Structures are given as structure tokens and as C-alpha cells.
Amino acid sequence: MPEAVIVAARRTPIGRAVKGSLAEVRPDDMVADVIGATIAQIGLTGDQIDDVIVGCGLPGGEQGFNIARVATLLLGWNSTPGTTVNRFCASSLQAIRMAVHAVRSGEGDCFVAAGVETVSRYAHGSADAFRPATDNPRFAPAKARTAALKSAGSTWTPDTDGLPDAYIDMGDTAENVADLCGVSRRTMDEFAVQSHTRALAARDTGFWADEIVPVTTPSGVVVDTDDGPRPDTSLEKLAALPTRFRENGRVTAGNACPLNDGAAAVVVMSAERAAALGLTPLARVVASAVSALNPEIMGLGPVDACRRAMKSAGLKAADIDLLEINEAFAAQVIPSAEQLDIGWDRLNVNGGAIALGHPFGMTGARIMTTLVHSLQQHDKTFGMESMCVGGGQGMAMIVERLS
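Owing to the predicted nature of the structure, the values given are computational and were not obtained by experimental measurement.

Trainee: Go over the pairing of strand E5 (residues 110-118) with me, naming the residues and quoting the values.
Mentor: Most of E5 is tucked away: 9 of the 9 residues are buried. Burial of E5 is two-sided: the residues Cys 110, Val 112, Ala 114, Val 116 and Thr 118 facing one way and the residues Phe 111, Ala 113, Gly 115 and Glu 117 facing the other way are all buried. Where strand E3 (residues 51-55) lies against E5, 5 bridges are found, and the strand directions are parallel. Bridge assignment links Asp 51 to a residue of E5, and that residue is Phe 111. Summarising the sheet, E5 and strand E8 (residues 260-270) pair through 9 bridges and their orientation is antiparallel. Note on E8: the bridge partner recorded for Gly 115 is Ala 264.

Written out as C-alpha cells, the structure is:
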């Protein structure tokens, strides 16, 4: 079976939605540009790519019409196919996984797996963009339970008799996990401060510059840094923020990810093709896994997904040198890492989405980009990426550094 390796990984800066630096950039332009820059870095051309697979969390509007194929056309690659995939927050990790499977099955030997999301460009970032226009009435009892829980402030427990709340707000899932796992507001805020501190340190040492492809906006402004990391973040300031989802809750704008814009691209090849082209792989893909759980506690999705990936790889938690869990909410990252027996010293060592941001479709490819470069930075071997997924899923992938 051919070995699947990652030979290049780049990303755009991450902008804050609506009011940020990338708000006027179209998603199709953004993902096309980052794909073009990523393959140019290793001397490839479009006719050498078997397929372009793009993850997108909400593929509609400017992100619709199969944005992957639109991107290949914008790059002038008329003969290069493209497909768009959706696993919400794990969409571009799914894209990487599909590329890996295609290489291993012998159906191709060079793929681009990318991801994009520009919340600025659909529904102006309103809440209506994140749920169906009409909720299925069969979920009405579950929605009523969530509403009662919010007003009563009681601890979440699973309802084994009815359907779970498929349309639950992500912030409510984080509150449920915080209740269920006993995560304190102070611990969540401490984790948020750490995310900003680490992201700023990575910026100051030039770590982010090595993986970022600058974006030129229609106004001619060159954007080459992330909008999100805040040097003025402190425990005192975070403690003063109001909760957002429950009156006596713990989730705030400070210990959760913001809404964002961005794109990333990862080139997946067979090891044989990489050798023939004289390319030194960054990493080989060891294993991947998906899992599912009650959507009302979707934040714990990384736990089972990571365990499945490690079992497939024949590895234990002690073998994982660096772990990247997407920081949708501190409330869910903290207990997920704890249940996996991985401490904060190995977790998101250059910061995460609380500081950087979480453009849904971009995140899987962005985290992989950061992970392979972090393994180089710290001279480590095995890295694992994971995230929770809206709707009650988890996904994980393990890589081994090769250079």
C-alpha cells in the first residue's frame, strides 16, 4: 500500500469576521491563492494535481457552486478537477483524510486538501447562517429541554428516551460539558490567557510567518498577520466579561473562539512520487478516525476520536509528543485533553483558536499546517490533531514528522 505523506502546508492569516482584515476578500479568491502559493513553494503545477479537495463548513453563497472547482478555474487549471466536502468544523481534515485514502488505494499520487471559510461573506455573520431556516419539528422536545436547562441553570444529563437537540447552540454544548466535567470559569479563563500568550510568542519568534501566505485585499492592503491574538489579555479582564449563553454560566467571548475568515492548503502525495520529484516530506500520515456522540455535549468529541486513531496507529497517549485540539471552547478542550491524559505542556503549544480564530472549513488544514511545523520547531516525532464537530462528532489524525 502506498505511503501517504505531507509535502507542503500553508495558510492565510486569520481575520476577524465582518470587522476584520480579510472581510472584503472573497472565499474563492482566498482559497485559490493559498492553493497556488502552496504548490508553487514546492515547484508543482496544476496539471500535476490529481484532484483538489476543499473543506467548507457552510458551502453556500460565495462559498457555493463547488468552491473547489471554482478555485481550480481561478488558478487557470481547466483540466484539474475539484470537489467540496463538509464535516463542519472538521471539513478540511476530512479533505486531508480523503486525499490520504486516495493515495493509499492507488487512485492517485498527488492531491491538494484545502479548507476555507469566510463568515464575513455570508449573512454578515448572523446567527441565522448557522442553522437551518426551519428546524425539524421532531427535535422540538429536545429544544424545549435545552431552553429549560438554560433558564433553570441545572446540570446537563442525557435524555435516553427522546432525540438529542440537533440544533443546539454550540455555546450551550460548551456549558453542558463544563457542568458535566466540572470545569471552572477560572480554569477556562486561564486556558484562554495561555492561548493568547503562546500565539503572541509564536508571532514574535517568526513561527507564524513561516506558514502564512500573505493576502492582498481588493483595496490593495497586504495582510500577513492574524487579527486575533491580543497582548492585553489578562485573567482580570477575562473575569470581567459577561457569560454569553447562560446567566450563571461559564462561557464568555473571552474563553471561546471568535468568528473568522481564512483558508489553508495541504499537499498530500505518495512517498514514491515525492521521492521522484526530489521533495522531502514534512510528515507521513499514520492514522485517522471519526467518532460520534450526543450533540448536546459535542465538545467531548475529540476524546473517542483520538483514542480510535491511537488504537489504529498502535500508539498510546505517552507516545504523542504534541496534541492540537481545536479551541472551539476552553470548556471542552480542557476536559478532552484531561481524559486523554495529555497535559497542557503538550497541548496547542503555539496557541489555538481562542487566540487565532476558527474559520470552520479552514480549521482542519490550518491545524495540520501548524502541527507539522510545530513538530519541526520542537524536534518532536508524533503529533495528533483533533476537534469536536457540530452535530455531535469528533475527528482525529496522527502524523509522524519526517524532516
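The discussion continues.
Trainee: So, the environment of Ile 35: which residues are in play, and what are the values?
Mentor: Along the polypeptide, Ile 35 turns up in helix H1 (residues 27-41). When the C-alpha atoms of Ile 35 and Ala 353 are compared, they prove to be 22 Å apart, with 318 residues separating the residues in sequence. Each residue touching Ile 35, except ones within four places of it in the same chain, is listed here: Val 52, Val 54, Leu 75, Trp 77, Val 112, Ala 114 and Ala 265.

Trainee: Can you explain the nonpolar core? Please cite residues and give values.
Mentor: If you look at the biggest cluster of nonpolar residues, it comprises 49 residues, and the most contacted ones within it are Ile 6, Ile 96, Val 266, Val 268, Met 368, Val 372 and Val 399. In terms of residue count, the dominant contributor to this core is helix H13 (residues 360-377) (8 residues). When sequence neighbours within four positions are dropped, the list of residues in contact with Val 372 reads Ile 6, Ala 9, Leu 282, Ala 283 and Val 399. Membership of the second largest hydrophobic core comes to 40 residues, among which are Met 188, Val 193, Met 298 and Leu 347.

Trainee: So what's going on with the state of the cysteines? Which residues, and what values?
Mentor: Overall, the coordinates contain 0 disulfides when judged by the stated rule. There is no disulfide at Cys 257, and the cysteine sulfur nearest it, in Cys 89, is 7.7 Å away. Here Cys 388 is not cross-linked by a disulfide; its sulfur's nearest cysteine counterpart is in Cys 89, at 6.0 Å.

Cut-off values and rules
Residues numbered from 1 in each chain as written. Predicted model: local features only at pLDDT ≥ 70, side-chain atom pairs only at ≥ 80, totals over all residues. Heavy atoms only, no water. Buried < 20%, exposed > 50% of the residue type's maximum accessible area, 1.4 Å probe, protein only. Helix = DSSP H or I, 4+ residues; strand = E, 2+ residues; numbered from the N terminus. Pairing = 2+ DSSP bridges. Contact = heavy atoms within 4.5 Å. Core = buried A, V, L, I, M, F, W, Y, C linked by side-chain atoms within 4.5 Å. Disulfide = S-S within 2.5 Å.

These figures come from the coordinates and say nothing about function on their own.
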